[in-house]
Every structure is written in C-alpha cells, then in structure tokens.
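These are the residues of each chain, in order.
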Amino acid sequence: MALREILVVPHPILKQASQPVDAVDDELRALMDDMLETMYAAPGIGLAAIQVGVPKRVIVMDLHRPEEEKQPRFFVNPEIVWTSEETAPYEEGCLSVPEIYDEVERPARVKLRYLNYAGEPVEEDAEGLFAVCIQHEMDHLEGVLFIDHLSRLKREQAIKKVKKQAKAA
Ligand code: NI
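To start, this report covers the structure provided alongside it. (Residues numbered from 1 in each chain as written. Predicted model: local features only at pLDDT ≥ 70, side-chain atom pairs only at ≥ 80, totals over all residues. Heavy atoms only, no water.)

## Notes on the pairing of strand β3 (residues 73-83)
Then, number 1: Bridging between strand β2 (residues 58-61) and β3 involves four bridges; their strand directions are antiparallel. Its bridge partner lying in β3, Val 58 is registered against Val 76.
Then, number 2: Pairing of β3 with strand β6 (residues 109-115), which is carried by five bridges, proceeds in the antiparallel orientation. Paired with Ile 80 across the two strands is Leu 112, which belongs to β6. (Pairing = 2+ DSSP bridges. Helix = DSSP H or I, 4+ residues; strand = E, 2+ residues; numbered from the N terminus.)

See below:
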C-alpha cells in the first residue's frame, strides 16, 4: 500500500467526471487499498478516486466512531436508485477543500447499489452520516464538490482561502 497525493481546489481534475470500472480486479483493489490508507492518514471519512487523480467510479469510506474498530467500506460504480423527499442539513467538509466547512442540504435517506471490494453487487439503504457521506462522495464522481452547493460568493471565498493556505504551506 502507498499514500497518494490528495488534489485540492482549484485543481482542474476535480471537475472531471469519472468513468465506470470494468472489473473489480487486483489492480483496482490495490487502488482501493491506497485510497483507504490515504484517507486514514489525512484523516478523513470518505475519499473518491478522482481526489487522488484517478477518474474511476470508486469510493472508500469509514464512519466508525473513535472507540470502535475500523470499518472500511468500498463502493465501485455506485448508483443512487432512490432518494427521500425529506432533506437534512449537515456541516460538510472535504479533503480537497481543506479547513472549509459549510452546511449542505441533501436528501435525508437514499437507496444505493454498488459493487463491493470482492466485486459483488450490493443494495443498501443509507441514512444519517452514511447518507450524507455517500452523496458527497458520489458528487465527486460527477466533478461536483460540496462548495458547488453553496452560493457563488461562498464558493469563491473558499477557493481563495485554500489557495492562500497552499501558498503559506
Ligand atoms: Ni469530498
């Protein structure tokens, strides 16, 4: 396993749509292992492949509480097949928009389909933080960041702030 570099705004690759994966093979699992390690090191709770510069429809996630064991999860070619009409706000952040947090309103519950680490099809319901996180990560697959859900002014301020941090680093 190896750490990958996480791209930050305004990197143009982050605006790119990702392509479906043909097969869940060892090469893809190696990518998922790297992504998971990179996410844990950041630290973060979710990461899409495009954030490490790979335009594939792959997401890793771990929502375990600090006192619990790690619970890594892998989503290949995820699709949302149902969303609730009810929405809920959540203060989101993103490893590609470091140190910026703001409230985004999304469907409170979703039903999703994906392939897991073994390449098996899974259908699952998500609510709470899981629903927020999977929708946030699936936005990345379309080149959409959480700041794209904010006003233009807030988005521009966020990017400006990240650029400033990068210069200072
Ligand atoms: Ni993100």
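Past the structure itself, the notes keep going.
## A look at the coordination of the nickel ion
Then, number 1: The coordination sphere of the nickel ion, as far as protein atoms go, consists of Cys 94 (SG), His 136 (NE2) and His 140 (NE2), spread over 2.1 to 2.3 Å.
Then, number 2: Considered as a linear motif, the donors of the nickel ion on their single chain read C-x41-H-x3-H. Here Cys 94, found in the loop between β4 (87-92) and β5 (102-107), pairs with His 136, found in helix α2 (residues 128-141); they are 42 residues apart in sequence, far enough to count as distant. The residues Cys 94 and His 136 share a single accessibility class, namely buried. (Donors = N, O, S within 2.8 Å, 3.2 Å for Na, K, Ca; no water. Buried < 20%, exposed > 50% of the residue type's maximum accessible area, 1.4 Å probe, protein only.)

The analysis is restricted to geometry; functional conclusions fall outside its scope.
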